[in-house]
Amino acid sequence: MNMKVYEIGTQQGLSSLRAAERPALQPGPGQVVLRVRAVCLNHRDLLMLQGTYGPRRPETRIPVSDGVGEVISLGDGVQGLSLGERVTCPHFATWLDGEFHPRWFAEDLGISRDGWLAEQIVVPADALVKVPDSMTDTQAAALPAAALTAWNALVEVGRIKAGDLVLALGTGGVAMLALQLAKLHGARVAITSSSDDKLATARELGADFTINYRSHPDWAAELLRQTGGDGADIVAETGGLATLATSIAAAAPNGRLALIGALAASPADGALQLQNLFGIVGKNLTLRGITAGNRRMLQAMVRAVAAAGMKPLIDREFAFDDAAAAYAHLKTGSHLGKVLLRVHQY
């Protein structure tokens, strides 16, 4: 019996994605085989196909780091799991708890080991987190990568509490999930975009302050104007060098800046200047790089999302056979929230 998969191919761009067939998976000791139900794409999935996400990977690598599946086979020694249970796991499959370490990159789903864009996936049983019956596949599929990164930024690093002001940059997957998770914790949220329509949707999801950064190039000043002088206690910084200086200006004293990505193009003047150093020191800011999160964090987030009934924003849903179209849609940058593929329909 074979299964359908997608491979990253020659990594020359979106056209490199290719469909293939492989034998059905068998679990080794301590492993579990899952039938994949749904997956969500992330920006790094685009970079993988372009060959710009670290070193080039084997052409047969199966991509994608976000997903949910059901247990269909248990390896020797696996306990506490039953056939048919729905589960998910962090994309660093061996980072179960504790501090980050670069060694976790060796077991990165969709990057250094095969990921979710297949009918089946094999993962270490210890990494799995059970999905509550009250949570849909759509809710669960968006959690292991983008949402877990946002959770780490807000909860673990940001020490979020009710009444805090969270600033999220843009309206991509991480930013929108940061908005939703921040509101779950009773925080105020400011969010930026170049689209007034997207900002309107953000307000529907609970954003307290919205800023069109094309209309307001100095969006730090606009944030302070709208909030009566309140800077951001936590910044989910997804732009990189192109936005970091303005994020520093937008931060409140003792603010926490979670450096998540580099989605904005960096202009020649995007590098930090001396005055930014004064801003960091003068405000006593914390700048912290965020590299996803561990199983303990994912389990805590799953419980919180289920208890609150939070529904991650899904921009569009594609069939498994339309994976190339899903990638193409993500690349346009027109999406608001997550792009989902339904692998097995139930």
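For the structure itself, consult the block above.
This section reports on the structure supplied with the text.

What counts and what doesn't
- Residues numbered from 1 in each chain as written.
- Predicted model: local features only at pLDDT ≥ 70, side-chain atom pairs only at ≥ 80, totals over all residues.
- Heavy atoms only, no water.
- Helix = DSSP H or I, 4+ residues; strand = E, 2+ residues; numbered from the N terminus.
- Rg over C-alpha atoms; globule rule 2.2 N^0.38 Å.
- Contact = heavy atoms within 4.5 Å.
- Areas by Shrake-Rupley, 256 points an atom, 1.4 Å probe, with all protein chains shown as cover.
- Pairing = 2+ DSSP bridges.
- Right-handed = clockwise from strand over helix to strand, strands pointing away.
- Phe/Tyr/Trp six-rings, centres within 6.5 Å; stacked < 30°, edge-to-face > 60°.
- Buried < 20%, exposed > 50% of the residue type's maximum accessible area, 1.4 Å probe, protein only.
- 1 Å grid on protein atoms, 1.4 Å probe; cavity = no way out; pocket = protein on both sides within 12 Å on 5 of 7 lines; lining within 4 Å.
- Points joined across faces, edges and corners; volume = space filled by probe spheres on them.
- Nonpolar A, V, L, I, M, F, W, Y, C, P; charged D, E, K, R; others polar.
- Axes fitted to C-alpha atoms, helices over the stretch in contact; angles between N-to-C directions.
- Parallel < 35°, antiparallel > 145°, perpendicular 65-115°, else oblique.
- Left-handed = near helix turned anticlockwise from the far one by under 90°.
- Polar contact = N/O pair within 3.5 Å; in protein donor to acceptor, adjacent residues only side chain to side chain.
- Salt bridge = Lys/Arg side-chain N within 4 Å of Asp/Glu carboxyl O.
- Expected span 1.5 Å × (residues − 1).
- Bend = angle between axes of the 7 residues up to and from the residue.
- Core = buried A, V, L, I, M, F, W, Y, C linked by side-chain atoms within 4.5 Å.

## Side note on the overall build of the chain
Logical step 1: A tally of regular secondary structure across the chain gives 10 helices and 15 strands.
Logical step 2: Its C-alpha atoms give the chain a radius of gyration of 20 Å, near enough to 20 Å, the size a compact globule of 346 residues would have.
Logical step 3: Counting only C-alpha atoms and orienting by the principal axes, one finds that the chain spans roughly 60 × 40 × 35 Å.
Logical step 4: Once local pairs closer than 6 in sequence are excluded, the contacts in the chain between residues at least 24 apart make up 70%.
Logical step 5: Total accessible area on the chain stands at roughly 14,200 Å², and carbon and sulfur atoms take up 51% of it.

## Quick word on the pairing of strand E14 (residues 314-319)
Logical step 1: When E14 meets strand E15 (residues 338-342), the two strands line up parallel, connected through five bridges. Looking across to E15, one finds that Ile314 is bridged to Lys338.
Logical step 2: Read from E14 through helix H10 (residues 323-332) to E15, the crossover connection turns out right-handed.

## A short note on the packing of aromatic side chains
Logical step 1: As enumerated under the stated definition, the model contains seven aromatic pairs in all.
Logical step 2: Taking the centre distance of 6.3 Å and the plane angle of 10° together, the rings of Trp95 and Trp104 count as stacked. The same class applies to Trp95 as to Trp104, namely buried.
Logical step 3: Taking the centre distance of 5.6 Å and the plane angle of 80° together, the rings of Phe100 and Phe105 count as edge-to-face.

## Thoughts on the environment of Val64
Logical step 1: As for its placement among the helices and strands, Val64 is situated in the loop between helix H1 (43-50) and strand E4 (66-74).
Logical step 2: Given the relative accessible area of 0%, Val64 is considered buried.
Logical step 3: In sequence terms Val64 and Ile111 are 47 residues apart; their C-alpha atoms lie 7.8 Å from each other.

## A short note on the layout of surface pockets
Sizing a probe to match a water molecule and rolling it over the atoms shows the empty space that remains.
Logical step 1: Computed from the structure, the second largest pocket encloses a volume of approximately 190 Å³.
Logical step 2: Every residue lining the second largest pocket is counted, 14 residues in all, and those nearest its centre are Trp95, Glu99, Asn152, Arg288 and Met297.
Logical step 3: Of all the secondary structure elements, the ones that give two or more residues to the lining of the second largest pocket are helix H3 (143-157), strand E13 (286-289) and helix H9 (295-308).
Logical step 4: At three residues, H3 tops the list of elements feeding residues into the lining of the second largest pocket.
Logical step 5: Looking at the lining of the second largest pocket residue by residue, the classes come out as five nonpolar, five polar and four charged.

## Some thoughts on the packing of helix H6 (residues 219-226) against helix H7 (residues 241-250)
Logical step 1: As a packed pair, H6 and H7 sit with axes 8 Å apart at the nearest point and diverge in direction by 25°. In this view, H6 runs roughly parallel relative to H7, as classed from their interaxial angle. Crossing of H6 over H7 shows right-handed handedness. Between H6, through Trp219, Ala220, Leu223 and Leu224, and H7, the contact on the second element is made entirely by Thr243, Thr246, Ser247, Ala249 and Ala250.
Logical step 2: Its residues assigned to classes, the contact of H6 with H7 shows six nonpolar, three polar and no charged.

## Concerning the side chain of Glu7
Logical step 1: The residue Glu7 is located in strand E1 (residues 2-7) in this model.
Logical step 2: Side chain to side chain, Glu7 and Arg22 meet in a polar contact 3.2 Å long.
Logical step 3: Those residues in contact with Glu7 that sit more than four places away from it in its chain are Ser16, Leu17, Arg18, Ala20, Arg22, Glu59, Thr60, Arg61 and Pro63.

## So, the pattern of salt bridges
Oppositely charged side chains are able to pair whenever their charged atoms sit close together.
Logical step 1: One pass over the structure, following the stated rule, counts 22 salt bridges.
Logical step 2: For the salt bridge of Arg18 with Glu59, the shortest nitrogen-to-oxygen distance reads 3.4 Å. In this pair, Arg18 sits in strand E2 (residues 18-23) while Glu59 sits in the loop between H1 and E4, placing the two residues 41 residues apart along the sequence.
Logical step 3: By relative accessible area, which is 30% here, Arg18 ends up partly exposed.
Logical step 4: The network of salt bridges with shared partners includes Glu7, Arg18, Arg22, Glu59, Arg61 and Asp114.

## Concerning the environment of Leu41
Logical step 1: Within the element layout of this structure, Leu41 appears in the loop between strand E3 (31-40) and H1.
Logical step 2: For the pair Leu41 and Ala323, spaced 282 residues apart in sequence, the C-alpha to C-alpha distance is 9.7 Å.

## What about H3?
Logical step 1: Here H3 is 15 residues long, yet its end C-alpha atoms lie only 18 Å apart, well below the 21 Å a rise of 1.5 Å per residue gives.
Logical step 2: At Trp151, H3 shows its strongest bend, of approximately 25°.
Logical step 3: Of all 15 residues in H3, 13 are buried; the element is thus mostly enclosed.

## Examining H9
Residues spaced three or four apart along an α-helix face the same direction, because each turn holds 3.6 residues.
Logical step 1: In a regular helix each residue adds 1.5 Å, so 14 residues correspond to 20 Å; H9 covers 20 Å between its end C-alpha atoms and thus fits that length.
Logical step 2: All of the buried residues in H9 are Met297, Leu298, Met301, Val302, Ala304 and Val305.
Logical step 3: Here H9 starts with a cap whose side-chain oxygen sits 3.1 Å from the backbone nitrogen of Arg296, and that cap is Asn294.
Logical step 4: Where H9 ends, the next residue or the one after it, Gly309, has phi of about 70°, a positive value.

## Some remarks on the nonpolar core
Logical step 1: Counting residues in each nonpolar core, the largest one holds 54 residues, and the members touching the most others are Leu143, Leu154, Val166, Leu181, Ile191 and Met301.
Logical step 2: Not counting residues within four places of it along the chain, the set of residues in contact with Leu181 comprises Ala147, Ala150, Trp151, Leu154, Met301, Val305 and Met310.
Logical step 3: Core analysis: the second largest hydrophobic core is formed by 40 residues, Val39, Met48, Ile111 and Ile121 among them.

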